[in-house]
Amino acid sequence: MITEGRITGIYGVWFDRQRGELIKGNGKTLTGVYLLHLDMKRGYKCYANIRTTFTEEMSTQEVYDLFTDSQSTNISILLDELQKDINSLTGYTSTKLIVQFANIASAQTRKRNINLYWTTQRAMDIPQRMRVQTDILLQPVRVHSNGERCTTASCKQKHYIQVWAREPFRAKPIVTLDCQNVGKLYDTSQVLTDKMCSNED
């Protein structure tokens, strides 16, 4: 196994919606699950705070505890909807938790060969300290079979997800995913309501 621990962020929009951008149903979780599944096939032990067909079901706090456990190595972790736990909104997340999480993420992912994937609807909802430590930034775009961008969240046509890289920048999608095929790997109807706790809660 090649040691390559890294942090990947997957977002719907960067700051505010641009014309035609979907903030919901654009393939953030689907992209994260796809990348996590690739890691599983490459020999990583995988964990997620959502239900998938190939990971143990864990709460957000349990996944966070695993991530911060200094004995954990050669693992891949998906934290879906990270903004509900670590948010840039003043007062929402304790400064202590933000600093602890970002410091561990930046210092330990490479040393311990941990791949961390986080998703959020709006990238700017994630504190700058965490965004700066993120190695790869991806934006999924939902398209129809003819390649045209889908602009309606409730659209019933067959869809694909084009994954674009903001950092490092790529001029073309790095992969196009079939929503039906990848969607079989996880519970697409699950709604996350739990959150990680800090010592101050």
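Residues numbered from 1 in each chain as written. Predicted model: local features only at pLDDT ≥ 70, side-chain atom pairs only at ≥ 80, totals over all residues. Heavy atoms only, no water.

Take Asn 113: it is sitting in the loop between α3 (95–108) and β5 (114–122). We classify Asn 113 as buried; its relative accessible area is 2%. At 3.3 Å, the side chain of Asn 113 forms a polar contact with the backbone nitrogen of Gly 5. (Helix = DSSP H or I, 4+ residues; strand = E, 2+ residues; numbered from the N terminus. Buried < 20%, exposed > 50% of the residue type's maximum accessible area, 1.4 Å probe, protein only. Polar contact = N/O pair within 3.5 Å; in protein donor to acceptor, adjacent residues only side chain to side chain.)

Residues Glu 167 and Pro 168 are joined by a peptide bond in cis, for which omega reads -10°. Residue placement: Pro 168 occurs in the loop between β7 (159–167) and β8 (175–178). The phi dihedral of Asn 74 is positive, around 55°, even though this residue is not glycine. Residue placement: Asn 74 occurs in the loop between α2 (60–68) and β4 (75–79). Phi at Glu 81 is positive, roughly 55°, even though this residue is not glycine. Structurally, the position occupied by Glu 81 is in the loop between β4 and α3. Residue classification places Glu 81 among the buried residues on the basis of a relative accessible area of 17%.

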